[in-house]
Amino acid sequence: HLPTGPFTFEGNLTDPFHTVNPGNPNLPVGYQFADATLFQDSRTNRTYVYWRTRVDPQNTGFRAMELTGDCLAVRPDTDSQLFTSSHREAPAVFYA
């Protein structure tokens, strides 16, 4: 069965994402990212979110952050810019 709405955005005040288009009713305040994917590292039991964003020169590109142990929030201190180009889509993470 597919989940049905209505759905509610559950955020918190520590969200590190930046809103690209403030005031857009389709974007919850404090969140803007695209093409996100999750990766749970079976070697360390840590989970990461990867996404593409277009904000400003310091925050545009392909980024990654570790999630908290319960996977309900991100750890802002792990925010990493992996690439500066925003022209990255459909990320897939795997061991090389």
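None of the values given here were measured: they were computed from a predicted structure. (Residues numbered from 1 in each chain as written. Predicted model: local features only at pLDDT ≥ 70, side-chain atom pairs only at ≥ 80, totals over all residues. Heavy atoms only, no water.)

A. Structural view of the sheet that holds strand β2 (residues 46-53). Taken in spatial order, the four strands make up an open sheet running β1-β2-β3-β4, and their pairing is antiparallel. Two strands bound the open sheet, and with one partner strand each, they are β1 (34-41) and β4 (80-83). Looking at each pair of strands side by side, their axes are set apart by 25° on average, direction ignored. Bridge count between strand β3 (residues 61-66) and β4: three bridges; the pairing is antiparallel. Within the sheet, the bridge partner assigned to F62 lies in β4 and is F83. (Pairing = 2+ DSSP bridges. Helix = DSSP H or I, 4+ residues; strand = E, 2+ residues; numbered from the N terminus. Axes fitted to C-alpha atoms, helices over the stretch in contact; angles between N-to-C directions.)

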